[in-house]
Amino acid sequence: MLELLDNFRLQDAVDIGIVAFIIYSVIELIRGTRAARMLVGLCVVFLIYLSSQVFQLYTLNWILDNFLSSVLLVIVIIFQNDIRRALVQVGTRPFFGTEHRLQGQDLEEIIRAVVTLASRRVGGLLVFERETGLNEYIEGGTSLDAQISKELILSVFITSSPIHDGALIVRKGRITAAGCFLPLTTNPNVSKTLGTRHRAAIGITEESDAVVVVVSEEDGGISMVADGRITRDLDAGTLRGTLQKLLVG
């Protein structure tokens, strides 16, 4: 033990710290997602593989040995969405600015609009672009490039509007487009009670680092989605505090 401590270098401490940070970041990234359950399943398979060696279960060991020999490819296939999201976050957040942030007055206009939609039970889907660009979805909608206001948001989502079924996208503090169609989540663990708007909100946050606010037309409930995780039944104060932390400069 003393010999080990004598040979311990500063580089070793840095090395251990980096590895620990990577492991922690991976756990934070997949916590609460289907990837976490899949990772647990892979760990169980590996434990069975070790047990088959100890108890000399040759047939089982041969099957698992062939499976685990290509486990890297299996992980890439299973976790492709999570890996893509992680690479996007690593490639943007540490190095780029905060142009996505809103002003305080913009946030108040958004809160007022969302609360009004909820009280009238009018469905709404508001997407806030952050570092990951949403051009492919913006180009498929109706271009607006307008200042954020309660009145404009309400006019987009009233049922008589031709673009009320799509999403409204906010970029750099301006309403950039409306009537935008988003990818639906393919996560089988998402509650079957969630409608198309909620599934689209989860889907776009699985593909990007966007933050999404959803208003349900069924019960007027307000939800927020980020990193593929949905928080439901928010009141105005909680929504304001969360969006302020994520989006307001």
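Residues numbered from 1 in each chain as written. Predicted model: local features only at pLDDT ≥ 70, side-chain atom pairs only at ≥ 80, totals over all residues. Heavy atoms only, no water.

1. Let's talk about the sheet that holds strand 3 (residues 167–171)
Filter applied, for reference: Pairing between strands is defined by DSSP: at least two bridges between the two strands are required. Comment: elements are numbered from the N terminus, with helices defined as DSSP H or I runs of at least four residues and strands as E runs of at least two. Note on method: axes are straight lines fitted to C-alpha atoms, helices fitted across the in-contact stretch only, with angles between N-to-C directions ranging 0 to 180 degrees. Contacts: residue pairs with any heavy atoms within 4.5 Å of one another.
The sheet built from seven strands is open, its strands ordered 2-4-3-1-5-6-7 with mixed pairing. In the strand order of this sheet, the two ends are held by strand 2 (142–147) and strand 7 (229–231), each with one partner. Taking the axes of each pair of neighbouring strands and ignoring which way they run, one obtains an average angle of 20 degrees across the sheet. Across three bridges, strand 6 (residues 222–226) lies against strand 7 in antiparallel orientation. Bridge pairing in strand 7 places methionine 224 opposite threonine 231. Along the sheet, helix 9 (residues 150–157) contacts strand 1 (124–128), strand 2, strand 3 and strand 4 (174–180); its crossing angle with strand 1, the most-contacted strand, is approximately 125 degrees.

2. What to know about helix 9
Let me state the cut-off plainly: Think of it in three bands: with a 1.4 Å probe and only protein chains considered, a residue is buried below 20% of the maximum accessible area for its type, exposed above 50%, and partly exposed in between. By construction, the arc corresponds to the directions joining the helix axis to the C-beta atoms.
Of the residues making up helix 9, those classed as buried are Lys150, Ile153, Leu154, Val156 and Phe157. All buried residues of helix 9 project into a common sector of 160 degrees when viewed along the axis, lining one side. Buried positions along helix 9 lie against helix 7 (104–120), strand 1, strand 2, strand 3 and strand 4.

3. Description of the packing of helix 7 against helix 11 (residues 236–247)
Quick reminder of the rule: By definition, any crossing whose near helix is turned counterclockwise from its far helix by less than a right angle is left-handed, and any crossing with a clockwise turn is right-handed. Residue polarity follows a fixed list, in which Ala, Val, Leu, Ile, Met, Phe, Trp, Tyr, Cys and Pro are nonpolar, Asp, Glu, Lys and Arg are charged, and the others, Gly among them, are polar.
One way to put it is that helix 7 packs onto helix 11 with a least axis distance of 11 Å and a crossing angle of 145 degrees. Here helix 7 runs over helix 11; the crossing is right-handed. Only Ala236, Leu239, Arg240, Leu243 and Gln244 of helix 11 make contact with helix 7, whose side of the interface consists of Leu107, Glu108, Ile111, Val114 and Val115. Here the contact of helix 7 with helix 11 is built from residues that sort into seven nonpolar, one polar and two charged.

4. Observations concerning the packing of helix 7 against helix 9
Interaxial distance between helix 7 and helix 9 falls to 8 Å at its minimum, and their mutual angle equals 35 degrees. In this structure, helix 7 crosses over helix 9, and the sense of that crossing is right-handed. Counting all contacts with helix 7, which are made through Glu109, Ile110, Arg112, Ala113, Thr116, Leu117 and Arg120, the residues of helix 9 involved are Lys150, Glu151, Ile153, Leu154 and Phe157. Class assignment for the residues of the contact of helix 7 with helix 9 results in six nonpolar, one polar and five charged.

5. What about a nonpolar patch on the surface?
Our working definition: Residues enter patches when they are more than 30% accessible in relative terms and free of salt bridges; like-charged ones are connected within 9 Å and nonpolar ones (Val, Leu, Ile, Met, Phe, Trp, Tyr) within 5 Å. Surface accessibility follows the Shrake-Rupley procedure with a 1.4 Å probe radius. Residue values consider only the protein chains on display as shielding. Throughout this description, the term salt bridge denotes a Lys or Arg side-chain nitrogen within 4 Å of a carboxyl oxygen of Asp or Glu.
A surface patch of nonpolar side chains, about 650 Å² in accessible area, is lined by Val40, Val44, Ile48, Val54, Phe55, Leu57 and Leu60. Among the elements that take part in the nonpolar patch, helix 3 (residues 34–54) stands out by supplying four residues, more than any other. For isoleucine 48, the position within the fold is in helix 3. We classify isoleucine 48 as partly exposed; its relative accessible area is 39%.

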